[in-house]
Amino acid sequence: MKLTTLICCGFLIVFGVLAAVYALSGFDLLLFLCAGNSVVYRSLLSLAGVGALWLLFWLIAFRPTKPLS
């Protein structure tokens, strides 16, 4: 469970950096890394969505911030 959460966090950090590069420069680094293949591009974007949904589930189910209050 912890490993899955760390992997999903890693995915989202990488996709966040790639999105920042695109937003600041206009160069789509993810599309470049996918060699222009739209199927691979969309597959990687769907992995980011799955990672975000997993982290949302993890935050709701386990409430890691509850001990802070």
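Read on for a plain summary of the structure. (Residues numbered from 1 in each chain as written. Predicted model: local features only at pLDDT ≥ 70, side-chain atom pairs only at ≥ 80, totals over all residues. Heavy atoms only, no water.)

Here's the deal with the environment of cysteine 9
Moving on, step 1. Within the secondary structure layout, cysteine 9 lies in helix H1 (residues 2-25).
Moving on, step 2. In the structure, cysteine 9 is positioned 46 residues away from leucine 55 in sequence and 7.6 Å away in space, judged by C-alpha atoms. (Helix = DSSP H or I, 4+ residues; strand = E, 2+ residues; numbered from the N terminus.)

Thoughts on the nonpolar core
Moving on, step 1. Of all hydrophobic cores here, the largest spans five residues; its members are Phe15, Leu18, Leu30, Cys34 and Ala48.
Moving on, step 2. Contacts of leucine 30, omitting those with residues within four sequence positions, involve Phe15, Leu18, Tyr41, Leu44 and Leu45. (Core = buried A, V, L, I, M, F, W, Y, C linked by side-chain atoms within 4.5 Å. Buried < 20%, exposed > 50% of the residue type's maximum accessible area, 1.4 Å probe, protein only. Contact = heavy atoms within 4.5 Å.)

What about a nonpolar patch on the surface?
Moving on, step 1. Together, Leu3, Ile7, Phe11 and Leu47 make up an exposed nonpolar region whose accessible area comes to about 350 Å².
Moving on, step 2. The element best represented in the nonpolar patch is H1, accounting for three residues.
Moving on, step 3. Residue position: phenylalanine 11 is located in helix H1.
Moving on, step 4. Overall, phenylalanine 11 belongs to the partly exposed group, its relative accessible area being 32%. (Patch = residues over 30% accessible without salt bridge, like charges linked within 9 Å, V, L, I, M, F, W, Y side chains within 5 Å. Areas by Shrake-Rupley, 256 points an atom, 1.4 Å probe, with all protein chains shown as cover. Salt bridge = Lys/Arg side-chain N within 4 Å of Asp/Glu carboxyl O.)

A closer look at helix H3 (residues 38-62)
Moving on, step 1. Under the 1.5 Å per step criterion, the end-to-end length of H3 is 36 Å for 25 residues, consistent within 8% with the ideal 36 Å.
Moving on, step 2. Taken as a whole, H3 has its buried residues at Ala48, Gly51 and Leu55.
Moving on, step 3. Each element contacted by the buried residues of H3 is listed here: H1.
Moving on, step 4. Of the residues flanking the end of H3, it is arginine 63, one or two places downstream, whose phi is positive at about 40°. (Expected span 1.5 Å × (residues − 1).)

Honestly, that's just the spatial picture; any functional story needs more than this.
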